[in-house]
Amino acid sequence: MRHLRQLTFGGQNAEAYFSPDGTRLIFQATRDGFACDQIFMMNLDGSGLRLLSTGEGRTTCAFFVPDQPRFIYSSTHLGSAA
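Please read these numbers as outputs of a predicted model, since none were measured by experiment. (Residues numbered from 1 in each chain as written. Predicted model: local features only at pLDDT ≥ 70, side-chain atom pairs only at ≥ 80, totals over all residues. Heavy atoms only, no water.)

**As for the overall build of the chain**
Item 1. Across its full length, the chain holds zero helices and six strands.
Item 2. N-terminal to C-terminal, the α/β element order of the chain is β-β-β-β-β-β.
Item 3. Against the globule reference of 12 Å for 82 residues, the chain gives a C-alpha radius of gyration of 13 Å, in line with a compact fold.
Item 4. Overall, the C-alpha framework of the chain stretches about 40 × 30 × 20 Å when taken along its three principal axes.
Item 5. Here the chain, with 82 residues, has 28% of them falling under the buried criterion. (Helix = DSSP H or I, 4+ residues; strand = E, 2+ residues; numbered from the N terminus. Rg over C-alpha atoms; globule rule 2.2 N^0.38 Å. Buried < 20%, exposed > 50% of the residue type's maximum accessible area, 1.4 Å probe, protein only.)

**Regarding the state of the cysteines**
By definition, a disulfide links two cysteine residues through a covalent bond between their sulfur atoms.
Item 1. Per the counting criterion, the structure on display carries zero disulfides.
Item 2. This cysteine, cysteine 36, is not joined by any disulfide, and cysteine 61 carries the nearest cysteine sulfur, 14 Å off.
Item 3. The class for cysteine 36 is buried, based on a relative accessible area of 7%. (Disulfide = S-S within 2.5 Å.)

**Some remarks on the packing of aromatic side chains**
Item 1. Under the criterion given, the structure shown has four aromatic pairs.
Item 2. With a centroid separation of 4.6 Å and 40 degrees between ring planes, the pair formed by tyrosine 17 and phenylalanine 63 is classed as tilted. Taken together, the residues span a long stretch of sequence, with tyrosine 17 in strand β1 (residues 12-18) and phenylalanine 63 in strand β5 (residues 59-65) at a distance of 46 residues.
Item 3. Note on phenylalanine 63: relative accessible area 33%, which makes it partly exposed.
Item 4. A centroid spacing of 6.2 Å and a plane angle of 15 degrees characterise the contact between phenylalanine 71 and tyrosine 73, whose relative ring orientation is stacked. (Phe/Tyr/Trp six-rings, centres within 6.5 Å; stacked < 30°, edge-to-face > 60°.)

**Describing the nonpolar core**
Item 1. If you look at the biggest cluster of nonpolar residues, it comprises six residues: Ile26, Ile39, Met41, Leu52, Ala62 and Phe64.
Item 2. Sorting the residues of this core by element identifies β3 (38-43) and β5 as the ones contributing at least two each.
Item 3. With near-sequence residues (within four places) excluded, leucine 52 lies in contact with Ile26, Ile39, Phe40, Met41, Phe71 and Tyr73. (Core = buried A, V, L, I, M, F, W, Y, C linked by side-chain atoms within 4.5 Å. Contact = heavy atoms within 4.5 Å.)

**Considerations on the environment of leucine 4**
Item 1. Locating leucine 4 in the fold gives a position in the segment before β1.
Item 2. A residue is classified by how much of its surface remains accessible, and leucine 4, at 63% relative accessible area, is exposed.
Item 3. Spatially, the C-alpha atom of leucine 4 lies 13 Å from that of glycine 46, the residues being 42 residues apart in sequence.

As structure tokens, then:
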């Protein structure tokens with residue numbers, strides 16, 4: 001546990017998972033002016049933060065699809081933008 005390093009700052013961050021190649025994280029967070037959790041991805045060094053979800057509705061449970069350049073997550077955005 002000596003080599004732990006905080007990667008996310010600001011907002012409320014939750015449920016993060018490593019990419020199959022171990023170079024990126026996908027996670028849910030409430031930040032950047034969004035009213036509820038959205039899905040973000042970043043490199044392990046904390047760079048390259050990017051929104052992956054639509055920015056609408058609530059999202060959760062994001063995972064990288066092994067052996068494919070894809071990801072999946074759950075969202076309420078089709079039922080309600082809020």
